[in-house]
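Report on the structure
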Amino acid sequence: ASTSLPVGFVAFGDPSEGFTIGVPSTWERVDTSSAGAAAQLQQLVARHPDLQSAYGDLSTLISTDIKFVGVDASSTGKDAANMNVIVRPQPGITDADLPQLLNALKSDLAQSQIAVASSATITLAGHKALEDTLAIPITDPSGTKSVDNELQDVVAANNDLYLITFGGTGNLYSTIASTFSLTAP
(Lines give C-alpha, C1' and ligand atoms only; values in the text may rest on other atoms or scores of the structure.)
Protein backbone atom coordinates (compact mmCIF):
# COMPACT_ATOMS: atom_id res chain seq x y z
CA ALA A 1 0.00 0.00 0.00
CA SER A 2 1.34 3.42 -0.83
CA THR A 3 0.54 6.57 1.04
CA SER A 4 0.82 10.06 -0.38
CA LEU A 5 3.02 12.30 1.72
CA PRO A 6 1.88 15.51 3.39
CA VAL A 7 3.27 18.74 1.94
CA GLY A 8 6.81 19.34 3.18
CA PHE A 9 7.54 15.66 3.86
CA VAL A 10 10.15 13.42 2.23
CA ALA A 11 10.04 9.64 2.06
CA PHE A 12 12.56 7.13 3.27
CA GLY A 13 12.14 3.67 1.84
CA ASP A 14 13.94 0.43 2.41
CA PRO A 15 12.80 -1.96 -0.34
CA SER A 16 14.76 -4.88 1.13
CA GLU A 17 12.87 -4.48 4.42
CA GLY A 18 9.53 -3.68 2.74
CA PHE A 19 8.65 -0.31 4.24
CA THR A 20 8.43 3.40 3.50
CA ILE A 21 7.92 6.26 5.95
CA GLY A 22 7.84 10.03 5.57
CA VAL A 23 9.28 12.74 7.78
CA PRO A 24 9.37 16.53 7.48
CA SER A 25 12.01 17.63 4.96
CA THR A 26 13.54 19.89 7.63
CA TRP A 27 14.45 16.89 9.80
CA GLU A 28 17.94 15.42 9.86
CA ARG A 29 17.75 11.90 8.43
CA VAL A 30 20.12 8.94 8.64
CA ASP A 31 19.82 5.75 6.63
CA THR A 32 21.86 3.42 8.87
CA SER A 33 22.79 1.22 5.91
CA SER A 34 24.46 4.09 4.04
CA ALA A 35 28.24 4.32 3.80
CA GLY A 36 28.41 7.52 5.87
CA ALA A 37 25.92 6.48 8.55
CA ALA A 38 28.42 6.31 11.43
CA ALA A 39 29.70 9.84 10.78
CA GLN A 40 26.14 11.15 10.29
CA LEU A 41 25.02 9.63 13.60
CA GLN A 42 28.05 11.08 15.41
CA GLN A 43 27.20 14.53 14.05
CA LEU A 44 23.55 14.08 14.96
CA VAL A 45 24.37 13.19 18.58
CA ALA A 46 26.90 16.05 18.75
CA ARG A 47 24.08 18.45 17.82
CA HIS A 48 21.57 16.68 20.10
CA PRO A 49 23.63 15.22 23.02
CA ASP A 50 20.53 14.12 24.91
CA LEU A 51 19.96 11.51 22.22
CA GLN A 52 23.07 9.67 23.45
CA SER A 53 20.90 8.02 26.13
CA ALA A 54 18.42 6.87 23.51
CA TYR A 55 20.90 5.69 20.91
CA GLY A 56 23.77 4.58 23.14
CA ASP A 57 26.96 3.36 21.53
CA LEU A 58 26.83 4.57 17.93
CA SER A 59 29.01 1.76 16.62
CA THR A 60 26.52 -0.74 18.04
CA LEU A 61 23.62 1.21 16.53
CA ILE A 62 24.95 0.66 13.02
CA SER A 63 25.06 -3.12 13.53
CA THR A 64 21.57 -3.41 15.06
CA ASP A 65 18.18 -3.63 13.43
CA ILE A 66 17.68 0.17 13.33
CA LYS A 67 17.14 1.11 9.69
CA PHE A 68 16.32 4.81 9.84
CA VAL A 69 16.70 7.72 12.28
CA GLY A 70 15.09 11.15 11.97
CA VAL A 71 15.50 14.18 14.26
CA ASP A 72 13.82 17.57 14.12
CA ALA A 73 16.77 19.85 13.35
CA SER A 74 15.08 22.79 15.08
CA SER A 75 14.41 21.07 18.42
CA THR A 76 16.91 20.94 21.25
CA GLY A 77 17.57 19.27 24.58
CA LYS A 78 15.87 16.16 25.83
CA ASP A 79 12.69 17.20 24.10
CA ALA A 80 14.22 16.96 20.61
CA ALA A 81 11.57 15.37 18.42
CA ASN A 82 13.03 12.18 16.98
CA MET A 83 12.04 8.84 15.56
CA ASN A 84 13.56 5.60 14.41
CA VAL A 85 12.44 2.49 12.58
CA ILE A 86 13.63 -0.93 13.69
CA VAL A 87 12.99 -4.06 11.62
CA ARG A 88 13.47 -7.47 13.24
CA PRO A 89 13.00 -10.74 11.39
CA GLN A 90 10.11 -12.75 12.88
CA PRO A 91 9.20 -15.55 10.45
CA GLY A 92 5.51 -16.36 10.50
CA ILE A 93 4.43 -13.42 12.69
CA THR A 94 0.98 -11.94 11.98
CA ASP A 95 -1.46 -9.44 13.46
CA ALA A 96 -3.00 -12.28 15.49
CA ASP A 97 0.28 -12.63 17.42
CA LEU A 98 0.14 -9.10 18.87
CA PRO A 99 -1.50 -10.01 22.24
CA GLN A 100 1.28 -12.50 23.02
CA LEU A 101 3.87 -10.15 21.57
CA LEU A 102 2.97 -7.43 24.07
CA ASN A 103 3.95 -9.65 27.00
CA ALA A 104 7.25 -10.55 25.30
CA LEU A 105 7.94 -6.87 24.57
CA LYS A 106 7.27 -5.93 28.18
CA SER A 107 9.70 -8.59 29.38
CA ASP A 108 12.34 -7.64 26.82
CA LEU A 109 12.09 -3.92 27.59
CA ALA A 110 12.18 -4.50 31.35
CA GLN A 111 15.72 -5.87 30.96
CA SER A 112 16.70 -2.32 29.90
CA GLN A 113 14.69 -0.76 32.74
CA ILE A 114 12.02 0.38 30.24
CA ALA A 115 8.37 0.00 31.21
CA VAL A 116 5.29 -0.14 28.99
CA ALA A 117 3.11 2.51 30.64
CA SER A 118 0.10 1.88 28.37
CA SER A 119 -0.84 -0.05 25.26
CA ALA A 120 -3.64 0.13 22.71
CA THR A 121 -4.46 -1.62 19.46
CA ILE A 122 -4.60 0.63 16.39
CA THR A 123 -4.58 0.18 12.62
CA LEU A 124 -1.36 1.12 10.84
CA ALA A 125 -0.40 0.39 7.22
CA GLY A 126 -3.49 -1.79 6.88
CA HIS A 127 -2.55 -4.00 9.85
CA LYS A 128 -3.52 -4.22 13.48
CA ALA A 129 -0.68 -2.69 15.47
CA LEU A 130 0.28 -2.08 19.07
CA GLU A 131 0.73 1.52 20.12
CA ASP A 132 2.69 1.54 23.36
CA THR A 133 3.73 4.40 25.60
CA LEU A 134 7.19 3.59 26.95
CA ALA A 135 8.66 5.02 30.16
CA ILE A 136 12.41 5.17 29.54
CA PRO A 137 14.93 6.17 32.21
CA ILE A 138 17.49 8.62 30.80
CA THR A 139 20.54 10.41 32.07
CA ASP A 140 21.33 13.72 30.39
CA PRO A 141 24.89 14.89 29.69
CA SER A 142 25.03 16.65 33.08
CA GLY A 143 24.19 13.39 34.89
CA THR A 144 20.60 14.34 35.74
CA LYS A 145 18.26 11.35 35.70
CA SER A 146 14.67 11.51 34.51
CA VAL A 147 12.04 9.44 32.73
CA ASP A 148 11.29 10.04 29.07
CA ASN A 149 7.96 8.94 27.64
CA GLU A 150 8.13 7.68 24.09
CA LEU A 151 5.51 6.31 21.74
CA GLN A 152 6.17 3.06 19.90
CA ASP A 153 4.04 1.54 17.15
CA VAL A 154 4.58 -2.18 16.53
CA VAL A 155 3.47 -3.84 13.29
CA ALA A 156 3.77 -7.55 12.44
CA ALA A 157 3.93 -8.17 8.69
CA ASN A 158 6.12 -9.59 5.89
CA ASN A 159 7.70 -12.04 8.37
CA ASP A 160 9.12 -9.01 10.19
CA LEU A 161 8.40 -6.96 13.26
CA TYR A 162 8.43 -3.22 12.56
CA LEU A 163 8.95 -0.94 15.56
CA ILE A 164 8.51 2.79 14.95
CA THR A 165 9.57 4.79 17.99
CA PHE A 166 8.86 8.49 18.53
CA GLY A 167 10.63 10.49 21.24
CA GLY A 168 10.75 14.06 22.49
CA THR A 169 7.92 16.46 22.07
CA GLY A 170 6.16 17.19 18.86
CA ASN A 171 2.78 17.20 17.26
CA LEU A 172 3.78 15.42 14.04
CA TYR A 173 3.98 11.85 15.32
CA SER A 174 0.52 10.80 14.18
CA THR A 175 1.19 12.39 10.78
CA ILE A 176 4.55 10.60 10.46
CA ALA A 177 2.96 7.29 11.52
CA SER A 178 0.21 7.75 8.93
CA THR A 179 2.88 7.78 6.17
CA PHE A 180 4.18 4.33 7.15
CA SER A 181 3.44 1.83 4.42
CA LEU A 182 4.44 -1.74 3.67
CA THR A 183 5.37 -3.48 0.47
CA ALA A 184 6.50 -7.01 -0.16
CA PRO A 185 10.29 -7.08 0.27
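An account of the accompanying structure is given in this report. (Residues numbered from 1 in each chain as written. Predicted model: local features only at pLDDT ≥ 70, side-chain atom pairs only at ≥ 80, totals over all residues. Heavy atoms only, no water.)

**Observations regarding the overall build of the chain**
In terms of regular secondary structure, the chain is built from five helices and 10 strands. The buried share of the chain, taken over its 185 residues, is 43%. For the chain, contacts bridging at least 24 residues in sequence account for 55% of all contacts bridging at least 6. Carbon together with sulfur atoms contributes 52% to the accessible area of the chain, which is approximately 8,900 Å² in total. (Helix = DSSP H or I, 4+ residues; strand = E, 2+ residues; numbered from the N terminus. Buried < 20%, exposed > 50% of the residue type's maximum accessible area, 1.4 Å probe, protein only. Contact = heavy atoms within 4.5 Å. Areas by Shrake-Rupley, 256 points an atom, 1.4 Å probe, with all protein chains shown as cover.)

**Overview of the pattern of salt bridges**
Side chains that carry opposite charge are capable of pairing whenever their charged atoms lie near each other. Going through the model one piece at a time under the given rule, you end up with two salt bridges. As a salt-bridge pair, Asp 65 and Arg 88 come within 3.6 Å of each other at their nearest N and O atoms. Here Arg 88 lies in strand 5 (residues 82-89) and Asp 65 lies in the loop between helix 3 (58-63) and strand 4 (66-72), a separation of 23 residues in the sequence. Classification of Arg 88 by relative accessible area gives partly exposed; the value is 29%. (Salt bridge = Lys/Arg side-chain N within 4 Å of Asp/Glu carboxyl O.)

**Some remarks on the nonpolar core**
Residues Val 69, Leu 101, Val 154 and Leu 161 are the most contacted members of the largest nonpolar core, which totals 24 residues. Of all the secondary structure elements, the ones that give two or more residues to this core are helix 1 (37-47), strand 4, helix 4 (98-110), strand 7 (127-139), strand 8 (145-157) and strand 9 (160-167). Among the elements that take part in this core, helix 4 stands out by supplying five residues, more than any other. Formed by 23 residues, the second largest nonpolar core is a distinct cluster that contains Phe 12, Val 23, Met 83 and Phe 166. (Core = buried A, V, L, I, M, F, W, Y, C linked by side-chain atoms within 4.5 Å.)

**A few points about the packing of aromatic side chains**
Applying the stated rule across the entire model yields six aromatic pairs. Ring centres of Tyr 162 and Phe 180 lie 5.8 Å apart, and the angle between their planes is 65 degrees; this geometry places the pair in the edge-to-face category. Taken together, the residues Tyr 162 in strand 9 and Phe 180 in the loop between helix 5 (173-178) and strand 10 (181-182) connect sequence positions 18 residues apart. The residues Tyr 162 and Phe 180 share a single accessibility class, namely buried. (Phe/Tyr/Trp six-rings, centres within 6.5 Å; stacked < 30°, edge-to-face > 60°.)

**Examining the sheet that holds strand 2 (residues 19-24)**
Reading across from one edge, 1-2-10 is the order of the three strands in this open sheet, with antiparallel pairing throughout. Each of the sheet's edge strands pairs with one partner strand only, and the pair in question is strand 1 (9-14) and strand 10. Bridge analysis of strand 1 against strand 2 gives six bridges, and the strand direction is antiparallel. Paired with Phe 12 across the bridge in strand 2 is Ile 21. (Pairing = 2+ DSSP bridges.)

**A short note on the environment of Tyr 173**
Assignment of secondary structure puts Tyr 173 in helix 5. Leaving out residues up to four positions away in the same chain, Tyr 173 has contacts with Trp 27, Ala 81, Asn 82, Phe 166, Gly 167 and Gly 168.

**What to know about the sheet that holds strand 3 (residues 27-31)**
Spatially, 3-4-5-9-8-7-6 is the arrangement adopted by the seven strands of the open sheet, whose pairing is antiparallel. Of all the strands in the sheet, just strand 3 and strand 6 (115-124) have a single pairing partner and so form its edges. Across the sheet, the axes of successive neighbouring strands diverge by a mean angle of 20 degrees, strand direction being ignored. Across nine bridges, the pairing between strand 6 and strand 7 is antiparallel. Paired with Thr 121 across the bridge in strand 7 is Leu 130. Where helix 1 meets the sheet, its contacts fall on strand 3 and strand 4, and the angle it forms with strand 3 comes to roughly 150 degrees. On the sheet, helix 4 packs against strand 5, strand 6, strand 7, strand 8 and strand 9 and is oriented at approximately 10 degrees with respect to strand 7. (Axes fitted to C-alpha atoms, helices over the stretch in contact; angles between N-to-C directions.)

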